[in-house]
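Given next are the chains, with one letter for each unit.
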Amino acid sequence: MATRNWTLHLDLDQFIAAVELLRHPELRGRPVVVGGTGDPTQPRTVAATATYEAREHGVHSGMPLRTALRRCPDAVFLPSDPPAYEAASERVMAVLREFPVLVEVWGWDEAFLGATTDDPEALAADLQRAVRDRTRLDCSIGIGDNKHQAKLASAFAKPAGIHRLTTGNWAETMNHRPTDALWGIGARISKKLAALGLHTVAELAAADPAELARHFGPTNGPWYRYLALGKGEAEVVTTPWIARGHGRETTFPRDLTDRAELTRHLTALAEHVTQDAVDAGREITRVSVKLRTTPFLTRTRQSKLPAPTTDPALVTRTALGILDRHDLTHPVRLIGVAVEYTMPEG
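The text that follows walks through the structure, step by step, so that each part is easy to find. Owing to the predicted nature of the structure, the values given are computational and were not obtained by experimental measurement.

### Concerning the overall build of the chain
A count of helical and extended segments in the chain gives 13 helices and twelve strands. Expressed as a percentage of the 346 residues in the chain, the buried residues total 44%. For the chain, the distance from the average site of its 41 positive side-chain charges to the average site of its 42 negative ones is 5 Å.

Structure follows, in structure tokens:
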């Protein structure tokens with residue numbers, strides 16, 4: 001086989017749960033759910049992840065913990081510990097960077113890799129072995145001609161496998177699948193496509209781009225067909241990701257109607273995000289306040305600051321001023337403060 005460029009997608013298997021199982025090896029083989037404070041009776045807390053044993057009972061990430069408890073009463077519930085997951089992720093990414101590959105980090109548990117090789121499966125196996133030996137975490141690796149193919153391939157590889165999905169086997173693998181099997185097409189768009197008679201990847205690939213543009217816009221419409229043809233971006237970018245902003249929010253165990261209590265929570269959140277900016281060495285340029293009221297209506301309003309700042313008093317005053325612009329006639333179930341940062345030169 002000739003040496004050529006490949007795109008790989010490495011996805012850590014049940015990552016958050018796997019990190020917890022390293023700390024609690026006695027729980028291996030048992031259904032484990034991670035989320036919130038680990039108390040499944042607390043209202044409005046959701047699962048961050050679940051082990052495969054819990055998933056067999058229908059538990060999945062994003063599910064309310066109370067629902068998870070009903071579906072799997074024998075599950076062990078553990079609190080979420082983001083610093084531990086971030087540290088574990090950094091160890092994995094450090095292992096990847098020791099290989100002759102380009103590494104584009106896409107979060108705690110996944111990365112795209114750019115490689116030039118005549119045997120991508122052998123490289124993938126070496127990567128899996130190194131990650132396993134150095135971090136005791138398993139991963140699945142997809143191999144493709146571009147990111148779209150590699151991302152889908154890693155899902156086919158789970159758990160702890162290697163799968164190749166390229167232009168050569170795209171039609172055989174994907175044509176019969178529903179359109180929401182594509183990376184970038186969710187249930188809502190898939191439903192709209194089905195209303196046009198486009199149920200499968202093959203049907204979408206054969207669709208008229210002009211007709212798609214008429215229904216979904218000049219950019220999105222043809223893009224959906226582009227995905228159905230197995231195309232996608234292939235460039236792996238190694239430039240470190242820089243956050244454009246940061247936010248914190250609180251979901252209340254009971255709906256709030258008292259303005260003084262809302263003010264207290266908002267002040268605490270504003271002070272937290274300002275300290276987060278100081279810790280990150282960044283300055284704040286814009287403040288936004290999100291409110292979710294009954295019946296589950298979410299609104300966000302924002303204000304630009306006169307100049308970049310890390311003054312907690314100014315950020316707090318701005319957030320409180322934005323709160324005055326919200327409709328507070330309904331009970332509040334969630335409040336959040338987010339800020340935008342100045343971006344570095346270049």
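From this point, the discussion proceeds with the structure in view.
### Examining the pairing of strand S7 (residues 139–144)
Here is the key point about a regular strand: its side chains alternate between the two faces of the sheet. Counting buried positions along S7 yields six of six residues, so the element is predominantly enclosed. Of the strand pairs in this sheet, strand S1 (residues 4–12) and S7 are connected by six bridges, and their pairing is antiparallel. Each bridged residue has a counterpart across the sheet, and for aspartate 11 the counterpart in S7 is serine 140. Strand direction decides the pairing type here: S7 and strand S8 (residues 162–164), joined by three bridges, are parallel. Along S8, the bridge assignment pairs glycine 142 with histidine 163. Note on the crossover from S7 through helix H6 (residues 147–157) to S8: the handedness is left-handed.

### As for the packing of helix H10 (residues 209–216) against helix H11 (residues 220–228)
Where H10 contacts H11, the axes come no closer than 6 Å and their chain directions differ by 130°. Between H10 and H11, the angle is such that the two are oblique. The residues of H11 that touch H10, namely those facing Pro209, Leu212, Ala213 and Phe216, are Asn220, Gly221, Pro222, Tyr224 and Arg225. Taken together, the residues of the contact of H10 with H11 sort by class into six nonpolar, two polar and one charged.

### Concerning the sheet that holds strand S6 (residues 110–117)
Hydrogen bonds between backbone groups are what pair the strands of a sheet, and the pairing can be parallel or antiparallel. In spatial order, the strands read S5-S6-S1-S7-S8; together these five strands make up an open sheet with mixed pairing. Edge positions in the open sheet fall to strand S5 (102–105) and S8, since each of these has one partner strand only. When strand polarity is set aside, the average angle formed by the axes of neighbouring strands in this sheet is 20°. Against the sheet, helix H5 (residues 120–135) makes contact with S1, S6, S7 and S8, and its axis sits at roughly 160° relative to S7, the strand it touches most.

### A look at the environment of glycine 29
The residue glycine 29 is located in the loop between helix H1 (15–23) and strand S2 (32–34) in this model. Classification of glycine 29 as exposed rests on a relative accessible area of 57%. Taking the C-alpha atoms as reference, glycine 29 lies 25 Å from arginine 91; in sequence the two are 62 residues apart.

### Here we look at the sheet that holds strand S4 (residues 76–78)
The three strands are arranged S3-S2-S4 in an open sheet whose pairing can be described as mixed. Of all the strands in the sheet, the pair left with one neighbour each is strand S3 (49–50) and S4. Pairing of S2 with S4, which is carried by three bridges, proceeds in the parallel orientation. Among the inter-strand pairings, valine 32 is bridged to a residue of S4, identified as valine 76. Seen against the sheet, H1 touches S2, S3 and S4 and runs at an angle of roughly 110° to S2.

Basis of the calculations
Residues numbered from 1 in each chain as written. Predicted model: local features only at pLDDT ≥ 70, side-chain atom pairs only at ≥ 80, totals over all residues. Heavy atoms only, no water. Helix = DSSP H or I, 4+ residues; strand = E, 2+ residues; numbered from the N terminus. Buried < 20%, exposed > 50% of the residue type's maximum accessible area, 1.4 Å probe, protein only. Lys, Arg positive; Asp, Glu negative; His and termini not counted. Charge placed at Lys NZ, Arg CZ, Asp CG, Glu CD. Pairing = 2+ DSSP bridges. Right-handed = clockwise from strand over helix to strand, strands pointing away. Axes fitted to C-alpha atoms, helices over the stretch in contact; angles between N-to-C directions. Parallel < 35°, antiparallel > 145°, perpendicular 65-115°, else oblique. Contact = heavy atoms within 4.5 Å. Nonpolar A, V, L, I, M, F, W, Y, C, P; charged D, E, K, R; others polar.

Just geometry here; none of it tells us what the structure is for.
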